[in-house]
Amino acid sequence: GSFLSGMSRVQQLTQLWLRMDGFAWPPAAPAYSALTASSTLVELELCDPGLPAGIWQHMFPPTRQLPHLTYLIVGSMWFAQDPLSAWGAADISSLVSCCPNLREGLHMLVQPGLHVSELHKLTGLTRLDLVYSSDLISGLEESVRGLAAITQLKMLEVWLDSPGLTGASFMPLTSLRALTKLSCKGRRGFHGAPSYPLKELVSRQVSQQ
């Protein structure tokens, strides 16, 4: 907590990589506002398994401007993040307003839903790695439609758990004509994680081109 409060006085920061092992009693969400106090930030990496709920509305309020931030990692696949800290609709909207020039958003833990389509307003965004916070059996279709709206993406990696998925489930992603890399994997561990069959998607892309 004392470290976070001290960060608010660093006004010319351009890179911040903060990797924590987790706190038994993590600081309250408002304390994390100090991490984005510097408007000069270009790169921000925050990896912590114990991020509190409601953190993003403090780190990326719509009233804050981080015009130079192009690279953002929030959380990590190595950590079992709490679903309470997942990005929701209001959080995504605030991020778009706060960081208009974001190019890469990595390992973002998100709630299922169409709200990720808001990211299409970040016209420089070309790489996105999303980790879905829950089983997508009921929300997969709208989630994929949301991703398909981000037409400028060149690289998309999605981590999720939803049994029975096929390449056909991802057909809306054929609208991503700039896409050069697509990866869809199970999020429960690295070893033996299933990669969903995307042969149908690749065939459709080739036929359309």
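In what follows, the accompanying structure is described. (Residues numbered from 1 in each chain as written. Predicted model: local features only at pLDDT ≥ 70, side-chain atom pairs only at ≥ 80, totals over all residues. Heavy atoms only, no water.)

## Description of the pairing of strand S4 (residues 104–110)
Counting buried residues in S4 gives five out of seven residues, a clear majority hidden from the surface. Relative to strand S5 (residues 127–132), S4 runs parallel, the two sharing five bridges. When the sheet's bridge partners are listed, valine 110 is paired in S5 with tyrosine 132. (Buried < 20%, exposed > 50% of the residue type's maximum accessible area, 1.4 Å probe, protein only. Helix = DSSP H or I, 4+ residues; strand = E, 2+ residues; numbered from the N terminus. Pairing = 2+ DSSP bridges.)

## Some remarks on the pattern of salt bridges
Inspection of the entire model under this criterion finds three salt bridges. For glutamate 104, the salt bridge is made with arginine 127, and the minimal N-O distance between the two is 3.8 Å. Pair noted here: glutamate 104 is in strand S4 and arginine 127 is in strand S5, with a separation of 23 residues, a long-range link. The partly exposed category is assigned to glutamate 104, whose relative accessible area is 24%. (Salt bridge = Lys/Arg side-chain N within 4 Å of Asp/Glu carboxyl O.)

## Some remarks on the packing of aromatic side chains
On inspection of all chains with the given rule, the structure shows two aromatic pairs. Considering the side-chain rings of tryptophan 56 and tryptophan 87, the 4.5 Å spacing of their centres and the 10 degrees angle between planes classify their relative orientation as stacked. Residue tryptophan 56 is located in helix H2 (residues 56–59), and its partner tryptophan 87 is located in the loop between strand S3 (71–74) and helix H3 (89–98); the two are separated by 31 residues in the primary sequence. Judged by relative accessible area, which is 4%, tryptophan 56 ranks as buried. Under the relative-accessibility criterion, tryptophan 87 is labelled buried at 0%. Between phenylalanine 60 and tryptophan 87, the ring centres sit 5.8 Å apart and the planes meet at 35 degrees, which makes this aromatic pair tilted. Of this pair, phenylalanine 60 sits in the loop between H2 and S3 while tryptophan 87 sits in the loop between S3 and H3, and the two are 27 residues apart along the sequence. Pairwise contacts between aromatic rings join Trp56, Phe60 and Trp87 into one cluster. (Phe/Tyr/Trp six-rings, centres within 6.5 Å; stacked < 30°, edge-to-face > 60°.)

## Details of the pairing of S3
As paired strands, strand S2 (residues 43–47) and S3 are joined by four bridges and run parallel to one another. Counted as the bridge partner of glutamate 45 is isoleucine 73 from S3.

## Looking at empty space enclosed by the protein
Once rolled over the atoms, a probe with the size of a water molecule shows which space is left empty. Per the counting criterion, the structure on display carries one cavity of 30 Å³ or more. Its boundaries defined by the atoms lining it, the largest cavity holds a volume of some 40 Å³. Considering every element that reaches the lining of the largest cavity, the biggest residue donor is helix H4 (residues 140–148), with four residues. Looking at side-chain class alone, the lining of the largest cavity contains nine nonpolar, one polar and no charged residues. (1 Å grid on protein atoms, 1.4 Å probe; cavity = no way out; pocket = protein on both sides within 12 Å on 5 of 7 lines; lining within 4 Å. Points joined across faces, edges and corners; volume = space filled by probe spheres on them. Nonpolar A, V, L, I, M, F, W, Y, C, P; charged D, E, K, R; others polar.)

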